[in-house]
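As a plain string of letters, each chain reads:
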Amino acid sequence: MSYVAADGRYGPMPYNRTGRSGLKLPAVSLGLWHNFGDDKPIETQRAILRRAFDRGVTHFDLANNYGPPYGSAEINFGHIYQQDFARYRDELVISTKAGYDMWPGPYGEWGSRKYLLSSLDQSLKRMGLDYVDIFYSHRFDPETPLEETMGALDHAVRSGKALYAGISSYSPERTREAARILRELGTPLLIHQPSYSMLNRWIEGGLLDVLEEEGAGCIAFSPLAQGMLTDRYLDGIPRDSRAAQGKSLDPSLLTDEALRHVRTLNEIARERGQSLAQMALAWALRDKRVTSVLIGASSVRQLDDSLDSVNRLDFTSQELDAIDKDAVDSGINLWAASSAH
């Protein structure tokens, strides 16, 4: 049966302006980092994407190397897009990124003009798109002049292959420099995509201030701390979890001390009438400089639980004070090297 989007899809979801731009993003966006490669059934992927759009998620975020294997998330998304979402293209914000290892040889990663623009062309072909809405430099390249990397983003926009330019995991200093270069080129920096959660609060140390000054938005990835800020690990490590499978969460991080903090946060969430995941997402959105939070989902049920976070976004000062005592760094920032330069 052909897909027809729900009539009421623009009801409960809040939409936030991205910095000083004209673009609004849903408070909760869907990332395809996990669960959209060839290791997952295509019909499960289709069900998640349909449900997300039916609930007002207009932003789907990808990268060239999402899978496994590399590129398969874009290919699978492209198949589903052509069958289900092509008619809704003007209602969607689709983003992709380039910066990490993608193909062999010296031109298959980092931030050169050759790699970024070649990767964008490949991504568009895999997804069957004429353009993406946002094209990101996925990480800072310490060996390529920032003028070259930002020049490639500017070219992507001017060529019509992207509408906006973004960066991911850049330090506050490099973010300011990137924004200056892009502004001088005439393509403003739209958005920064950093990791951010109650257990990884690095962006509070200056990045959010820079983004506010530069008029750029912020979309936080891994707001559930690779799954730690859910109920999955409260009583051990499930066999089908990221930690058990070695996917972006090292089991050694699940220390007694870390889990003690997580269990306390879970109690606060229960008192608020939310799941831990819902509270974690709402907490990340408490700062108005955070435009959107980027979630993953392995099932429609998991997606629905996360999207229900928008039903309770307010916090009392007492709740925030209580959360602060256990919202502590837990060594989970896998992307720290990129933002350390």
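For the structure given in this document, a descriptive report is provided here.

### Some thoughts on the overall build of the chain
Part 1 of the reasoning: Scanning the chain from N- to C-terminus turns up eleven helices and ten strands.
Part 2 of the reasoning: In terms of C-alpha radius of gyration, the chain reaches 19 Å, essentially the compact-globule figure of 20 Å for 341 residues.
Part 3 of the reasoning: Looking at the chain as a whole, 58% of its 341 residues qualify as buried.
Part 4 of the reasoning: Residue pairs at least 24 apart in sequence account for 75% of intrachain contacts in the chain once pairs closer than 6 positions are excluded.
Part 5 of the reasoning: With the model as given, the accessible surface of the chain reaches about 14,200 Å², and the carbon-plus-sulfur share is 49%.
Part 6 of the reasoning: Within the chain, the 46 negative side-chain charges are centred at a point lying 3 Å from the centre of the 38 positive side-chain charges.

### What to know about the sheet that holds strand S5 (residues 93-98)
The pairing of strands in a sheet happens through backbone hydrogen bonds and is either parallel or antiparallel.
Part 1 of the reasoning: Here we have eight strands rolled up into a closed barrel, ordered S3-S4-S5-S6-S7-S8-S9-S10, and parallel in their pairing. The average undirected angle you get between the axes of adjacent strands in this sheet is 30°.
Part 2 of the reasoning: Bridging between strand S4 (residues 59-61) and S5 involves three bridges; their strand directions are parallel. Across the sheet, the residue bridging to His59 is Val93, located in S5.
Part 3 of the reasoning: Its contacts with the sheet place helix H4 (residues 146-158) against strand S6 (132-137) and strand S7 (162-168), and it is angled at close to 155° to S7.
Part 4 of the reasoning: Contacts from helix H5 (residues 172-185) reach S7 and strand S8 (189-193) within the one sheet, and its direction differs from that of S8 by about 155°.

### Considering the pattern of salt bridges
Part 1 of the reasoning: Using the criterion set out here, one finds 27 salt bridges in the structure.
Part 2 of the reasoning: The closest approach of N and O atoms between Arg50 and Asp84, which form a salt bridge, is 2.9 Å. Placement of Arg50 in helix H1 (residues 42-54) and of Asp84 in helix H2 (residues 72-85) is noted, with a sequence separation of 34 residues between them.
Part 3 of the reasoning: By relative accessible area, Arg50 is classed as partly exposed at 23%.
Part 4 of the reasoning: Of the residues examined, Asp84 reaches a relative accessible area of 4% and is grouped as buried.
Part 5 of the reasoning: One salt bridge connects Arg176 with Glu213, and the closest N-O pair in it is separated by 2.8 Å. In this pair, Arg176 sits in helix H5 while Glu213 sits in helix H6 (residues 207-214), placing the two residues 37 residues apart along the sequence.
Part 6 of the reasoning: Here the residues in one salt-bridge network are Glu43, Arg46, Arg50 and Asp84, joined through shared partners.

### Overview of the side chain of Asp133
Part 1 of the reasoning: Mapping Asp133 onto the fold places it in strand S6.
Part 2 of the reasoning: Here Asp133 falls in the buried class, since its relative accessible area comes to 7%.
Part 3 of the reasoning: For Asp133, the side chain forms a polar contact with the side chain of Arg89, separated by 2.9 Å.
Part 4 of the reasoning: Contact partners of Asp133, with chain neighbours within four places excluded, come to Arg89, Leu92, Val93, Ile94, Ala162, Leu163 and Tyr164.

### A look at the packing of aromatic side chains
Part 1 of the reasoning: Going through the model one piece at a time under the given rule, you end up with 13 aromatic pairs.
Part 2 of the reasoning: For the ring pair Tyr10 and Tyr15, a centre distance of 6.1 Å and an interplane angle of 55° mean the geometry is tilted.
Part 3 of the reasoning: Measuring from ring centre to ring centre gives 5.6 Å for Phe140 and Tyr170, while their planes differ by 80°; the resulting arrangement is edge-to-face. One end of the pair, Phe140, is in the loop between S6 and H4; the other, Tyr170, is in the loop between S7 and H5, and 30 residues separate them in sequence. Accessibility assignment for this pair places Phe140 and Tyr170 in one class, buried.
Part 4 of the reasoning: Three or more aromatic residues joined by ring pairs form one cluster here, namely Tyr3, Phe53, Phe60, Phe77, Tyr81, Phe85 and Tyr88.
Part 5 of the reasoning: Of note, Lys97 hangs over the ring of Tyr136, and the distance from its end group to the ring centre comes to 5.5 Å.
Part 6 of the reasoning: Here the basic side chain of Arg139 rests over the ring of Trp110, its NZ or CZ set 3.6 Å away from the ring centre.

### Concerning the environment of Ala280
Part 1 of the reasoning: Mapped onto the secondary structure, Ala280 falls in helix H9 (residues 276-284).
Part 2 of the reasoning: Remark: the alpha-carbon pair of Ala280 and Leu25, spanning 255 residues in sequence, is separated by 19 Å.
Part 3 of the reasoning: Those residues in contact with Ala280, other than ones at most four positions away along the chain, are Met198, Pro223, Leu224 and Leu229.

### What to know about unusual backbone geometry
Part 1 of the reasoning: The amide bond that connects Gly67 to the next residue, Pro68, takes the cis arrangement and shows omega of 10°.
Part 2 of the reasoning: Counting through the fold element by element, Pro68 comes out in the loop between S4 and H2.
Part 3 of the reasoning: Between Pro68 and Pro69 the backbone carries a cis peptide bond, its omega angle lying at -10°.
Part 4 of the reasoning: With respect to the element layout, Pro69 can be found in the loop between S4 and H2.
Part 5 of the reasoning: Positive phi is not limited to glycine here, since Trp110 has a value of about 75°.
Part 6 of the reasoning: The topology assignment puts Trp110 in the loop between S5 and helix H3 (113-127).
Part 7 of the reasoning: Its relative accessible area of 32% is what places Trp110 among the partly exposed residues.
Part 8 of the reasoning: Non-glycine residue Ala225 carries a positive phi angle of around 55°.
Part 9 of the reasoning: Among the secondary structure elements, Ala225 is positioned in the loop between strand S9 (217-221) and helix H7 (242-245).
Part 10 of the reasoning: On the accessibility criterion, Ala225 (0% relative accessible area) is buried.

Quick notes on the rules
Residues numbered from 1 in each chain as written. Predicted model: local features only at pLDDT ≥ 70, side-chain atom pairs only at ≥ 80, totals over all residues. Heavy atoms only, no water. Helix = DSSP H or I, 4+ residues; strand = E, 2+ residues; numbered from the N terminus. Rg over C-alpha atoms; globule rule 2.2 N^0.38 Å. Buried < 20%, exposed > 50% of the residue type's maximum accessible area, 1.4 Å probe, protein only. Contact = heavy atoms within 4.5 Å. Areas by Shrake-Rupley, 256 points an atom, 1.4 Å probe, with all protein chains shown as cover. Lys, Arg positive; Asp, Glu negative; His and termini not counted. Charge placed at Lys NZ, Arg CZ, Asp CG, Glu CD. Pairing = 2+ DSSP bridges. Axes fitted to C-alpha atoms, helices over the stretch in contact; angles between N-to-C directions. Salt bridge = Lys/Arg side-chain N within 4 Å of Asp/Glu carboxyl O. Polar contact = N/O pair within 3.5 Å; in protein donor to acceptor, adjacent residues only side chain to side chain. Phe/Tyr/Trp six-rings, centres within 6.5 Å; stacked < 30°, edge-to-face > 60°. Lys NZ or Arg CZ within 6 Å of the ring centre and 35° of its normal.

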